[in-house]
Structures are given as structure tokens and as C-alpha cells.
Amino acid sequence: RPPQSVVILSSAADVPLVIVAIAVCSWTGYFILGWWIEVQDVNRQLREFSVKLADCFCCANHHQHPETGQAVLCDRKLVFGALKEWYGGLDEEHLDKF
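Since this is a predicted model, take the numbers as computed values, not measurements.

Draft legend 1. Here's a closer look at the overall build of the protein chain. Each helix and strand in the protein chain was counted, giving 4 helices and 0 strands. Along its sequence from the N terminus, the protein chain presents helices and strands in the succession α-α-α-α. The buried share among the 98 residues of the protein chain stands at 7%. Residue pairs in contact within the protein chain that sit at least 24 positions apart in sequence constitute 26% of those at least 6 positions apart. Total accessible area on the protein chain is roughly 8,700 Å²; 63% of this is exposed by carbon and sulfur atoms.

Draft legend 2. Spotlight on the side chain of His94. Here His94 lies in helix α4 (residues 93-97). His94 has contacts with Phe80, Leu83, Lys84, Tyr87 and Gly88, leaving out every residue within four places of it along the chain.

Draft legend 3. Focus on the pattern of salt bridges. In total, this model carries 3 salt bridges according to the counting rule given. Here Lys52 makes a salt bridge to Glu92, at a shortest N to O gap of 3.7 Å. Taken together, the positions of Lys52 in the loop between α1 (14-48) and α2 (57-60) and Glu92 in the loop between α3 (75-87) and α4 put the pair 40 residues apart, joining distant regions of the chain. Among the residues examined, Lys52 registers a relative accessible area of 33% and is labelled partly exposed. Given the relative accessible area of 43%, Glu92 is considered partly exposed. A network of salt bridges, in which partner residues are shared, links Asp41, Arg44 and Glu48.

Draft legend 4. Structural view of α3. Relative to the 18 Å expected for 13 residues at 1.5 Å per residue, α3 spans 18 Å between its end C-alpha atoms, a close match to the ideal helical length. Backbone geometry just after α3 places Gly88 at a positive phi near 60 degrees.

Draft legend 5. Spatial organisation of the environment of Val51. Within the element layout of this structure, Val51 appears in the loop between α1 and α2. The exposure class of Val51 is buried, given its relative accessible area of 9%. Sequence-wise, Val51 and Phe98 are 47 residues apart; in three dimensions their C-alpha atoms are separated by 7.3 Å. Other than its neighbours up to four places away in sequence, Val51 contacts Arg76, Val79, Phe80, Leu83, Leu95 and Phe98.

Draft legend 6. The arrangement of the packing of aromatic side chains in detail. Summed over all chains, the structure comprises 2 aromatic pairs. Relative to Trp36, the ring of Trp35 lies with its centre 6.1 Å away and its plane at 50 degrees, an arrangement referred to as tilted.

Draft legend 7. Broad picture of the environment of Gly81. Along the chain, Gly81 falls in helix α3. On a C-alpha basis, the gap between Gly81 and Leu95 in space is 9.8 Å, while along the polypeptide they are 14 residues apart.

Calculation criteria
Residues numbered from 1 in each chain as written. Predicted model: local features only at pLDDT ≥ 70, side-chain atom pairs only at ≥ 80, totals over all residues. Heavy atoms only, no water. Helix = DSSP H or I, 4+ residues; strand = E, 2+ residues; numbered from the N terminus. Buried < 20%, exposed > 50% of the residue type's maximum accessible area, 1.4 Å probe, protein only. Contact = heavy atoms within 4.5 Å. Areas by Shrake-Rupley, 256 points an atom, 1.4 Å probe, with all protein chains shown as cover. Salt bridge = Lys/Arg side-chain N within 4 Å of Asp/Glu carboxyl O. Expected span 1.5 Å × (residues − 1). Phe/Tyr/Trp six-rings, centres within 6.5 Å; stacked < 30°, edge-to-face > 60°.

Given below as C-alpha cells:
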């Protein structure tokens, strides 16, 4: 039997198709790489998150609405209180569980 050869391009008309295929594969790889980097960043953010260190609108604005000057409730107190209800514990143990 004679050796069989593989023909990749059978005519010049196939060249644009190959170029499109390469472009699509490159774009897909670039998209997947970008998505993977974002997933890794979310994982890092979740690992490093601490409710104790989280910023809140009220504290950043000295418990006054920046436009009206009206007093606003402390978000931190509300969130910490809810976490204490959900997780219980002594001192700040409930904050560590979250």
C-alpha cells in the first residue's frame, strides 16, 4: 500500500476558513483565560474577606447623609447584630464565623 498523505487545504478557498477558525479559537482561549483569572480573583477575595474590615456607607460619611445632612443608622451595627443573632457566640466570635 502506498503511504497516504494528509491534505489540509484542498484549495485556496479554504484559506479564509482556516483564518476564521484560528481567530475563533484564539478568541475563545483569550476569553477562557480572562474568565479563569476572574474566578481566581474572586476566590482570593473570599479567602481574604473579613466583615470586621469591610467599609460601610454610614461610617465613611460620619453617619450623615452626604446630600441632606440627615443622620443615618449605622450599617455596621445592623450587620453585626444580625450576625450575632444568626451565629451567636461571645464577644466577636460571631464575626469570625462569618
